[in-house]
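The chain contents come next:
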Amino acid sequence: MTPHNEFRSAVVVVGGSRGIGRAIAKVAARDRNVVVLIARSPEGLTAAAAEVQQAGGEAFTLELDLLAADASERLEAFLTANDLVCGVLVNSAGYGLRGAATLLPLNDQLGIVDLNIRALTDLTLRFLPGMLARGRGGVINLGSIAGLFPGPYMALYYASKGFVHSFSDALHQEVRRFGVTVTCVAPGPVSTEFLEKAGANRAALFKILPKLDAEYVAERAWRGFNSGRRRVVPGISAKLLTLVAFLPTAAVLPLIGRLQRRSKDP
Ligand SMILES: NC(=O)c1ccc[n+]([C@@H]2O[C@H](COP(=O)([O-])OP(=O)(O)OC[C@H]3O[C@@H](n4cnc5c(N)ncnc54)[C@H](OP(=O)(O)O)[C@@H]3O)[C@@H](O)[C@H]2O)c1
């Protein structure tokens with residue numbers, strides 16, 4: 001404990017062991033921030049912490065499965081025990097699954113709801129009141145271009161990102177007058193382990209779309225957040241893809257369905 005219980009503000013990166021979260025942690029560290037990295041894999045957390053320190057930040061790590069019922073309480077207790085408050089929350093933990101919703105394992109699909117929606121909501125609403133009281137900081141939520149329309153053969157993932165967009169936009173409006181920002185980052189495909197783990201790499205859509213680097217997305221996300229932006233869409237290709245949202249749903253559904261369906265799907 002520091003003397004007189006002086007709490008320091010931290011950038012808390014949920015999903016900080018790899019991919020976009022880890023890249024945002026590194027960018028935040030350049031501004032000499034205290035960065036708290038959260039994920040399940042100890043190896044990833046150790047490597048990410050070393051990068052944060054190398055970039056000029058101070059790193060803490062917490063091994064945590066966000067799907068555990070007491071995850072957010074444990075994170076809050078960890079911060080308090082280290083005399084930290086969550087000044088900026090980065091919600092980057094998330095996963096998707098490609099395949100027919102009726103065939104993919106139900107529990108794995110419910111896990112998307114629990115992680116991409118429930119955990120993100122819990123953490124956001126747990127830490128926002130403190131930010132409002134302090135009149136600074138905010139939340140970076142990882143949405144996706146997939147949040148702009150329905151996605152046959154990746155139905156749960158697209159729907160979960162639709163939630164992230166709607167929730168983040170509404171909160172942005174509610175909290176901005178307190179000097180607090182909620183930014184939703186909506187990239188197209190990014191070169192991380194996400195696409196392989198989702199089984200999406202083999203679908204035509206992800207073969208034809210260009211992929212961004214996590215570092216580029218992180219730079220844009222951090223800069224947009226610090227400028228008080230509501231939405232960050234990194235890269236020209238993702239910006240062009242947002243135009244698909246203006247097409248009628250009746251046209252978008254068969255188009256995405258065809259590009260994400262594989263021959264073994266029903
Ligand atoms: N990559 C893309 O093409 C893309 C495009 C648009 C949006 N996004 C979104 O961006 C976010 C980050 O994606 P990414 O590409 O960086 O994915 P990633 O490389 O798979 O990283 C996901 C991160 O979340 C953590 N995580 C996963 N499940 C967790 C759990 N139950 N508890 C705690 N941590 C957990 C992972 O760490 P552990 O496995 O060690 O726990 C890892 O740090 C996601 O929300 C994704 O939907 C990605």
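Residues numbered from 1 in each chain as written. Predicted model: local features only at pLDDT ≥ 70, side-chain atom pairs only at ≥ 80, totals over all residues. Heavy atoms only, no water.

Naming follows an unreviewed UniProt entry, where the protein appears as SDR family oxidoreductase of Rhizobium indigoferae. Comment text from UniProt for the protein, heading Sequence similarities (unreviewed entry), reads "Belongs to the short-chain dehydrogenases/reductases (SDR) family." (UniProt positions renumbered as here; feature names shortened; annotations may be inferred.)

Draft legend 1. Summary view of the environment of Ala39. With respect to the helices and strands, Ala39 occurs in strand 2 (residues 34-39). Accessibility expressed as a relative area gives 10% for Ala39, which makes it buried. As a C-alpha pair, Ala39 and Asp70 span 31 residues in sequence and 14 Å in three-dimensional space. (Helix = DSSP H or I, 4+ residues; strand = E, 2+ residues; numbered from the N terminus. Buried < 20%, exposed > 50% of the residue type's maximum accessible area, 1.4 Å probe, protein only.)

Draft legend 2. Molecular detail of the site of the ligand. The environment of the ligand is formed by 30 residues, the closest being Ser17, Ile20, Arg40, Tyr157 and Thr192. At 3.0 Å, a side-chain N or O of Arg18 approaches an oxygen atom of the ligand. Within the contact set of the ligand, an oxygen atom lies 2.5 Å away from a side-chain nitrogen or oxygen of Thr192. In isolation the ligand has 890 Å² of accessible area, and contact with the protein removes 97% of it. If you list the elements that add at least two residues to the shell around the ligand, you get helix 1 (19-30), helix 5 (155-175) and helix 6 (194-198). (Near = heavy atom within 4 Å. Polar contact = N/O pair within 3.5 Å; in protein donor to acceptor, adjacent residues only side chain to side chain. Areas by Shrake-Rupley, 256 points an atom, 1.4 Å probe, with all protein chains shown as cover.)

Draft legend 3. Quick look at the pattern of salt bridges. Considering all chains together, one arrives at 12 salt bridges under this definition. Across the pair Glu58 and Arg8 runs a salt bridge whose closest N-O atoms are separated by 2.9 Å. Of this pair, Glu58 sits in strand 3 (residues 58-63) while Arg8 is found in strand 1 (residues 8-14), placing the two residues 50 residues apart along the sequence. For Arg8, a relative accessible area of 34% corresponds to the partly exposed category. Across the salt bridge formed by Lys26 and Glu51, the nearest N and O atoms sit 3.9 Å from each other. One end of the pair, Lys26, is in helix 1; the other, Glu51, is in helix 2 (residues 42-54), and 25 residues separate them in sequence. Taking relative accessible area as the criterion, Lys26 reaches 27% and is therefore assigned partly exposed. (Salt bridge = Lys/Arg side-chain N within 4 Å of Asp/Glu carboxyl O.)

Draft legend 4. Local environment of the packing of helix 1 against helix 8 (residues 214-226). Running from amino to carboxyl end, helix 1 crosses helix 8 at an angle of 55 degrees, the nearest separation of the two axes being 8 Å. By the criterion of interaxial angle, the relationship of helix 1 to helix 8 is oblique. Once helix 1 is placed against helix 8, the crossing between them reads as right-handed. Here Gly19, Ile20, Ala23, Ile24, Lys26, Val27, Ala28 and Arg30 of helix 1 lie close against helix 8, whose contacting residues are Ala214, Glu215, Val217, Ala218, Glu219, Ala221 and Trp222. Here the residues of the contact of helix 1 with helix 8 sort into 10 nonpolar, 1 polar and 4 charged. (Axes fitted to C-alpha atoms, helices over the stretch in contact; angles between N-to-C directions. Parallel < 35°, antiparallel > 145°, perpendicular 65-115°, else oblique. Left-handed = near helix turned anticlockwise from the far one by under 90°. Contact = heavy atoms within 4.5 Å. Nonpolar A, V, L, I, M, F, W, Y, C, P; charged D, E, K, R; others polar.)

Draft legend 5. Up close: unusual backbone geometry. Phi is positive for Arg32, which is not a glycine, with a value near 60 degrees. Residue placement: Arg32 occurs in the loop between helix 1 and strand 2. Phi is positive for Tyr153, which is not a glycine, with a value near 75 degrees. Locating Tyr153 in the fold gives a position in the loop between strand 5 (138-142) and helix 5.

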